[in-house]
Amino acid sequence: MLSLYQSCMLSYTVFLLFVSVVKTTESAPNWNTLNETVGGRLHKAKPFSSPCFPDFDGISVPRNKAACKIIEDNYLNATYRSSQFGNFMNTQWESCMSTSAQCTLDSSDPSDSLAWTELPCDQGSIAPYYIDVQNYEDVQAALAFSRTTEVPCRSSTIGSLGLWTRNLDKISYNASFVPVGGSQPFPAMTIGAGVPWVDAYSFADANNVTIVGGYSETVGASGGWIMGGGHSVLSPTLGLGVDRVLEYKLVTPDGEYRTANAHTNSDLFWALRGGGGGTFGVVLESTSMVEPMAIPLQVASVSFNSTTETGLQFLRLLTNNSLQWAQEGWGGHLTSSGFISVTPLLTLEEAQASMQNAVDFVQTQNGTVVIETLPSWFAFFAKYTIPAQTAVGSADLAASRLIPYSLFETQEGRDSFIQLVTSLPGSFLEIDVVTPFLYNATENSTSVTPAWRNAVWHVLMGSEFVWNSTLAEKVAAFEFTNNCTAGLISIAPNSGAYMCLTTHFFLFQNEANVYEPNYEQSFWGGNYDRLLAIKHRYDPLGLLDCWKCVGWKGVDDSRSRCYPRVD
Ligand SMILES: *[C@@H]1O[C@H](CO)[C@@H](O)[C@H](O)[C@H]1NC(C)=O
Ligand SMILES: *[C@@H]1O[C@H](CO)[C@@H](O)[C@H](O)[C@H]1NC(C)=O
Ligand SMILES: *[C@@H]1O[C@H](CO)[C@@H](O)[C@H](O)[C@H]1NC(C)=O
Ligand SMILES: *[C@@H]1O[C@H](CO)[C@@H](O)[C@H](O)[C@H]1NC(C)=O
Ligand SMILES: *[C@@H]1O[C@H](CO)[C@@H](O)[C@H](O)[C@H]1NC(C)=O
Ligand SMILES: *[C@@H]1O[C@H](CO)[C@@H](O)[C@H](O)[C@H]1NC(C)=O
Ligand SMILES: *[C@@H]1O[C@H](CO)[C@@H](O)[C@H](O)[C@H]1NC(C)=O
Ligand SMILES: *[C@@H]1O[C@H](CO)[C@@H](O)[C@H](O)[C@H]1NC(C)=O
Ligand SMILES: *[C@@H]1O[C@H](CO)[C@@H](O)[C@H](O)[C@H]1NC(C)=O
Ligand SMILES: *[C@@H]1O[C@H](CO)[C@@H](O)[C@H](O)[C@H]1NC(C)=O
Ligand SMILES: *[C@@H]1O[C@H](CO)[C@@H](O)[C@H](O)[C@H]1NC(C)=O
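Model, not experiment: these values are computed from the prediction. (Residues numbered from 1 in each chain as written. Chains lettered and ligands numbered in written order. Predicted model: local features only at pLDDT ≥ 70, side-chain atom pairs only at ≥ 80, totals over all residues. Heavy atoms only, no water.)

Novice: Please explain the overall build of the chain as it appears in this structure.
Specialist: A count of helices and strands for the chain gives 22 helices and 17 strands. For the chain, the C-alpha atoms occupy an extent of roughly 75 × 60 × 45 Å along the three principal directions. By the burial criterion, 61% of the 567 residues in the chain qualify as buried. Total accessible area computed for the chain in this model is approximately 21600 Å², and 52% of it derives from carbon and sulfur atoms. A gap of 7 Å separates the mean positions of the 30 positive and 52 negative side-chain charges of the chain. (Helix = DSSP H or I, 4+ residues; strand = E, 2+ residues; numbered from the N terminus. Buried < 20%, exposed > 50% of the residue type's maximum accessible area, 1.4 Å probe, protein only. Areas by Shrake-Rupley, 256 points an atom, 1.4 Å probe, with all protein chains shown as cover. Lys, Arg positive; Asp, Glu negative; His and termini not counted. Charge placed at Lys NZ, Arg CZ, Asp CG, Glu CD.)

In structure tokens, the structure reads:
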């Protein structure tokens, strides 16, 4: 039987033959009715780069050179990408990887005309329709539509209905916020699901408070970040995003608009604090505890031009120093050629002493060193992180592992990390020092894997593919990434991984291996069974299903068809 959401693909030439075999007319999704229900805010979405191509979904259309020029100029610009529906930080989520249906440019040179002369433009996995969500009633309408038509509410699934939350952009600060049903007040910020971190930081700064958030300015502050974990370079001392959240407002798949906090729907609150985005409901806003002052930070920024040999020496130095730096509250991003780290716990003199051996090493390499005090998170963010944003517009594949402190306690453990890196030439390496190492979390209050609590590093390795990679090349890139995961598991076998940040309602970045083996254990540890029970309670029909999310329907479900089979 032809499922209803396949029948909504009628307008797509590639599916025409298939659809014409089995005629279904009786229950086709009525987009016009949905559009009326949401006040005319239903829109059609085409791929971001389509104006560059002389065709779309098999039909020739004139190229729009002027529009294409703007796209080429902004292809790698995260702010530009996040201003429109249908864009992702990593372009594989715009494509259907298994069929190569896509509409992407060459990220190494967006003006490369081969990208649009050699390959056609296709809708790929971008939702062909989306709602510009303005309120919870829009979400209720979308979920009701999804229930009756089987069109999934997702932004990266063939034939889905996207929920564009970018315009839920309200931010407020309350010095004595009391969660519904509670009595204790907290200084807190309430942030709409469309607010990017850069806006939340600027607002916090204007109110002289500090909010803990991510490194990339376009990541949504109330999206997958605050449901899957939410790491920050301030997390070593101030905790993960899920440690600090006080309340979520969401529509659950049964259509109810709910408040979830420690006093109201506390089971759902626990599940949202680590169970993942796009799984338990559609969050419209979240409220998180803030620090009621601007916190001065010591910053250490060092970099040098490394060779394979000096890069490894530097990594040895980093593994040697990691436990001391963890005790001193340092958080940051480390590579084999430098780092940018911050701590709120030390004085400038203490920071200089703490960093002395790294500084000495980098100076012998004629590198650059800055150790300084900045008055606030926002001052740090503006000076250091905006120029060091994660690349967007490319298809990066990550393998993630939380590396426990025990690994760093022995020479053997430290050596095992160096051996792993040397055994995987060709992998990128990013060490995120973002675990809540010194944070006094309340036991069992969140549903992230408990491995976060003992970890010192979150390590990312992996591969990438390019605009014209063949299916075989993509599979090889995934296999290489799986080899990175296997290596990381071999050095930290009882730990876990950061989960897929599949918010699916906003620009997202994925820091997990999509082929993570035993993912329930890696992402949630002993919390999985309880998460699954809560999933069944609030989403008995499995309306919100996603790849390797809690309650996932599996590889054989048609929603998984764009993931290549990788063994
Ligand atoms: C929805 O309705 C609005 C207002 O009538 C219209 O401009 C828009 O094109 C419609 N959307 C779709 C997808 O038909
Ligand atoms: C990126 O795009 C934004 C939004 O359009 C724009 O304001 C900004 O100048 C662009 N940045 C660069 C480096 O082009
Ligand atoms: C702050 O929160 C308290 C308790 O929830 C509430 O009574 C008060 O109206 C809020 N203040 C603002 C400015 O929203
Ligand atoms: C923030 O602090 C500065 C300096 O102390 C002060 O001038 C300003 O009024 C404060 N802003 C708010 C919103 O409290
Ligand atoms: C690396 O080398 C390039 C070219 O010689 C130089 O411009 C740059 O400043 C060097 N970077 C560092 C961090 O030393
Ligand atoms: C790391 O520590 C070991 C053992 O103390 C020492 O032999 C080695 O020289 C150190 N390496 C670096 C790069 O600091
Ligand atoms: C650093 O610079 C000095 C002086 O220019 C030079 O002699 C030395 O070889 C350089 N070292 C490295 C590692 O580039
Ligand atoms: C955690 O609790 C311990 C013991 O109460 C305290 O000494 C320490 O400062 C706390 N850590 C943080 C980061 O608040
Ligand atoms: C946390 O959960 C574990 C496993 O269910 C349980 O053994 C432990 O008692 C719980 N701790 C608290 C403080 O509730
Ligand atoms: C992809 O394009 C590049 C040029 O950008 C070319 O060198 C390469 O051979 C192409 N790969 C495939 C699989 O066609
Ligand atoms: C992955 O590792 C296996 C076993 O070591 C090796 O045979 C294979 O070539 C590796 N695959 C890739 C793509 O690196």
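After that view of the structure, there is still more to cover.
Novice: Would you mind showing me how to read the nonpolar core here?
Specialist: Note that soluble globular proteins tend to have their nonpolar side chains buried in a common cluster. Within the largest apolar cluster, 79 residues are counted, with the highest numbers of intra-cluster contacts made by Y248, L272 and F380. The element best represented in this core is helix α12 (residues 266–272), accounting for five residues. By size, the runner-up hydrophobic cluster in this structure holds 42 residues, among which are L312, F314, W330 and L424. (Core = buried A, V, L, I, M, F, W, Y, C linked by side-chain atoms within 4.5 Å.)

Novice: Where do I start with the environment of V233 in this structure?
Specialist: Checked against the element boundaries, V233 lands in the loop between α9 (225–228) and α10 (235–238). On a C-alpha basis, the gap between V233 and G213 in space is 8.3 Å, while along the polypeptide they are 20 residues apart. Non-local contacts of V233, meaning those with residues more than four positions away in its chain, are made with Y215, G331, G332, H333, V342, W377, F380, V433 and V434. (Contact = heavy atoms within 4.5 Å.)

Novice: Which parts of the structure should I look at to understand the site of ligand 3?
Specialist: Residues in contact with ligand 3, as listed here, are N174, S176, F177 and V178. Within the side chain of N174, an N or O atom sits 2.3 Å from an oxygen atom of ligand 3. Residue S176 places a main-chain N or O atom 3.3 Å away from an oxygen atom belonging to ligand 3. Here ligand 3 has 360 Å² of accessible area as a free molecule, and 33% of this is covered by the chains. Class assignment for the residues of the shell around ligand 3 results in two nonpolar, two polar and no charged. (Near = heavy atom within 4 Å. Polar contact = N/O pair within 3.5 Å; in protein donor to acceptor, adjacent residues only side chain to side chain. Nonpolar A, V, L, I, M, F, W, Y, C, P; charged D, E, K, R; others polar.)

Novice: Honestly, unusual backbone geometry in this entry has me stumped. Any pointers?
Specialist: Most of the time, phi is negative for any residue but glycine, and the peptide bond is trans. Even without glycine at this site, N208 takes up a positive phi of about 60°. Tracing the sequence through the fold places N208 in the loop between α8 (197–206) and α9. Phi at N444 takes a positive value of approximately 65°, unusual for a residue other than glycine. By the secondary structure assignment, N444 is in the loop between β16 (428–433) and α19 (451–454). Classification of N444 by relative accessible area gives exposed; the value is 63%.

Novice: Just checking my understanding: could you explain the site of ligand 10 for this structure?
Specialist: Every residue near ligand 10 is listed here: D112, W467, N468, T470 and E473. A distance of 2.3 Å separates an oxygen atom of ligand 10 from a polar atom in the side chain of N468. In isolation ligand 10 offers 360 Å² of accessible surface; the protein chains occlude 40% of this area. The residue makeup of the shell around ligand 10, split by class, is one nonpolar, two polar and two charged.

Novice: In this structure, what is going on with the environment of L402? I would like to understand it.
Specialist: Mapped onto the elements of the fold, L402 is located in strand β15 (residues 395–404). Exposure remark for L402: the relative accessible area of 0% places this residue in the buried category. Residues L402 and A451 lie 49 residues apart in sequence; the distance between their C-alpha atoms is 6.9 Å. Those residues in contact with L402, other than ones at most four positions away along the chain, are T435, T449, A451, W452, A455, W457, H458, A492, S495, G496 and A497.

Novice: Would you explain the pairing of strand β12 (residues 331–335) in this entry?
Specialist: Residues in a regular strand project their side chains so that they alternate between the two faces of the sheet. β12 sits mainly inside the fold: four of its five residues count as buried. With five bridges joining them, β12 and strand β13 (residues 338–343) adopt antiparallel strand pairing. Bridge pairing in β13 places L334 opposite F339. Two successive antiparallel strands, β12 and β13, enclose a turn made up of two residues. (Pairing = 2+ DSSP bridges.)

Novice: What is the right way to read the side chain of T157 from this model?
Specialist: Its place among the elements puts T157 in the loop between α7 (136–149) and β5 (161–164). With a relative accessible area of 6%, T157 lands in the buried category. Setting aside its immediate chain neighbours within four residues, T157 contacts S125, A127, P152 and R559.

Novice: Quick question: what am I supposed to make of the sheet that holds β15 here?
Specialist: Strand order in the open sheet formed by seven strands is β14-β11-β13-β12-β16-β17-β15, with antiparallel pairing between adjacent strands. Each having just a single partner strand, β14 (368–374) and β15 make up the two edges of the open sheet. The sheet shows a mean angle of 15° between the axes of neighbouring strands, taken without regard to direction. Looking at chain direction, β16 and strand β17 (residues 455–465) are connected through five bridges and run antiparallel. Residue pairing across strands places I431 opposite V459, the latter belonging to β17. Of the strands in this sheet, β11 (297–303), β13 and β14 are in contact with helix α16 (residues 377–385), which crosses β14 at around 155°. (Axes fitted to C-alpha atoms, helices over the stretch in contact; angles between N-to-C directions.)

Novice: Mind showing me how you'd approach the domain arrangement of the chain here?
Specialist: How big an interface is tends to be stated in terms of the accessible area lost upon association of its parts. For the chain, the assigned domains are domain 1 (18–164), domain 2 (171–293 + 531–535) and domain 3 (297–375). The distance between the C-alpha centroids of domain 1 and domain 3 comes to 43 Å. (Domains from an automatic or database assignment.)

Novice: I'm lost on α8 in this one. Help?
Specialist: Residues three or four positions apart in an α-helix share a direction because the helix packs 3.6 residues into each turn. Within α8, the full set of buried residues consists of W197, A200, Y201 and A204. The buried residues of α8 all sit within an arc of 100° when viewed along its axis, so they share a single face. Those residues of α8 that are buried are in contact with β6 (171–177), β7 (186–192), α9 and α16. Two residues or fewer past α8, N208 is found with a positive phi of approximately 60°. (Arc of directions from axis to C-beta.)

Novice: Looking at this structure, I do not really get the state of the cysteines. What am I missing?
Specialist: Cysteine pairs can be covalently joined through their sulfur atoms, and such a bond is termed a disulfide. Considering all chains together, one arrives at four disulfides under this definition. The partner cysteine of C103 in its disulfide is C121, sulfur to sulfur 2.2 Å. Between C103 and C121, the disulfide has an S-S torsion of -95° and is therefore left-handed. Of the two residues, C103 is situated in the loop between α5 (78–81) and α6 (114–117) and C121 in the loop between α6 and β4 (129–132); the sequence distance between them amounts to 18 residues. Of the residues examined, C103 reaches a relative accessible area of 4% and is grouped as buried. C121 sits in the buried class, given a relative accessible area of 1%. (Disulfide = S-S within 2.5 Å.)

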